[in-house]
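# Remarks on the overall topology
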Amino acid sequence: MDRRWLPLNALRAFEAVGRQGSFTAAAQSLLVSQSAVSRHVIGLEDFLGVPLFDRKPSQPALTEAGKRLLPVVEKAFERIDTTLEEIMRERGEPQRSLRVLLPTTFAQRLAMPLLRSFRAEFPDLKLDIDSRPVPGNAEREADIAVIYTPPRVAPQVLDLLWMVKLTILCHPEVAAKAREMDVASFLATNDLLHVKLDARPPAFLWENFARAAHVSAGPLDRGLVFDTAQLAVQYALSGAGLALVDPVLFEDDIRAGRLVRPYDIHVDDGYGYYLSIHPDDLDRPEIALFRSWLIRRFSRPPAISEPPQQAM
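All figures in this text were calculated on a predicted structure; none of them were measured in a lab.

What the protein contains, in helices and strands, is 11 helices and 11 strands. Expressed as a percentage of the 312 residues in the protein, the buried residues total 41%. Contacts in the protein between residues at least 24 apart in sequence constitute 77% of all its contacts with a sequence separation of at least 6.

The following block contains the structure:
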């Protein structure tokens, strides 16, 4: 028989009537009307071409065909019930999941160790991480997002994780030249590595840095432009160019001496890393859990280690 034509609802109604010995009791157990149960049983009888019950005034009695069919259907449903219960017990509680949107550099340089720690504490919460470079409004598509932005009014609830303080990072051999140069000369004689920031001009961060640090270094729109700070710093690690980035994200390289701050200058350009959540989602337990955990992790401003050498 083609299984597409198996009358499963009718078989369930038939099994309930045969087990309960009553159309009324069967309807109550299935939470449907008695007429619906009756229609299903009649439909099954029409499908088989034989009656399954003798409709007696007191209660329905199984015919020979009904007596043959009932134990087979009961056994099949029992096996299905048992298997489903076993699967549900093995699975335990339904796994909760969150789609988390992270800036690429944040994800690669800082979030992975944090998320491993979170997963160890809360293994039943699945995190679906998206760290592709995306437009600023993409946090609307995620359950929870970390975004790099200046303070702003937004439909989302924004929790500040930390304010970014930009500084120059470069290879130690490049930094060695800074000992005999002021900041303006150092900028003028080295390639500048730029990071794309939404639709802003490529030199936006460097121009803000020069303005805030009171540095006049000539045109700052030269050099290479990268999609992420991670790529810019990778290029700086090769011994070429100056990256202007948040040192918190590259703390390991600074501590190891792979990257050096040639000047002890940190500029707050007004940007920060914020946790972004739609207000309608604040009461979701999994979001409240992840939100409170991240806020606790960043409740103290991230430390910035002292550079191995100072030029000024």
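The next thing to look at is the sheet that holds strand 5 (residues 144-149). Pairing is mixed across the open sheet formed by 5 strands, whose spatial order is 4-3-5-11-6. Here the strands that pair on one side only, and so sit at the sheet edges, are strand 4 (125-130) and strand 6 (157-163). The sheet shows a mean angle of 25° between the axes of neighbouring strands, direction not considered. In this structure, strand 5 lies alongside strand 11 (residues 272-277), joined through 5 bridges in antiparallel fashion. Within strand 11, the position partnered with Tyr148 by the bridge is Tyr273. The strands that helix 11 (residues 285-297) touches are strand 3 (96-101), strand 4, strand 5, strand 6 and strand 11; relative to strand 3, the one it contacts most, it runs at about 50°.

Take the sheet that holds strand 10 (residues 242-245) next. Pairing in this open sheet of 4 strands is mixed, and the strands run 7-10-8-9 from one edge to the other. Looking along the sheet, the strands with just one partner apiece sit at the ends: strand 7 (167-169) and strand 9 (224-226). On average, each strand axis in the sheet is inclined to that of its neighbour by 35°, with strand direction left out of account. Pairing of strand 8 (residues 192-195) with strand 10, which is carried by 2 bridges, proceeds in the parallel orientation. The residue of strand 10 that forms the bridge with Leu193 is Ala243. This element, helix 8 (residues 204-212), spans strand 7, strand 8 and strand 10 of the sheet and lies at about 80° to strand 10.

This part is about the packing of aromatic side chains. Tallied over the entire structure, the rule returns 16 aromatic pairs. Centre to centre, the rings of Phe14 and Phe53 are 5.5 Å apart; their planes meet at 55°, and the pair counts as tilted. One end of the pair, Phe14, is in helix 1 (residues 8-20); the other, Phe53, is in strand 1 (residues 53-54), with 39 residues separating them in the sequence. Taking the centre distance of 5.2 Å and the plane angle of 75° together, the rings of Phe118 and Trp293 count as edge-to-face. One end of the pair, Phe118, is in helix 5 (residues 104-121); the other, Trp293, is in helix 11, and 175 residues separate them in sequence. There is no split in this pair, since Phe118 and Trp293 are both buried. Taken together, the ring pairs in this structure connect Phe106, Tyr148, Trp162, Phe204, Tyr271, Tyr273 and Phe298 into an aromatic cluster. Its end group placed over the ring of Phe204, Arg200 keeps NZ or CZ at 4.7 Å from the ring centre. Between Arg297 and the ring centre of Phe298, over which it is positioned, the NZ or CZ distance is 5.1 Å.

One non-glycine residue, His214, adopts positive backbone phi at about 55°. Counting through the fold element by element, His214 comes out in the loop between helix 8 and strand 9.

Criteria and cut-off values
Residues numbered from 1 in each chain as written. Predicted model: local features only at pLDDT ≥ 70, side-chain atom pairs only at ≥ 80, totals over all residues. Heavy atoms only, no water. Helix = DSSP H or I, 4+ residues; strand = E, 2+ residues; numbered from the N terminus. Buried < 20%, exposed > 50% of the residue type's maximum accessible area, 1.4 Å probe, protein only. Contact = heavy atoms within 4.5 Å. Pairing = 2+ DSSP bridges. Axes fitted to C-alpha atoms, helices over the stretch in contact; angles between N-to-C directions. Phe/Tyr/Trp six-rings, centres within 6.5 Å; stacked < 30°, edge-to-face > 60°. Lys NZ or Arg CZ within 6 Å of the ring centre and 35° of its normal.

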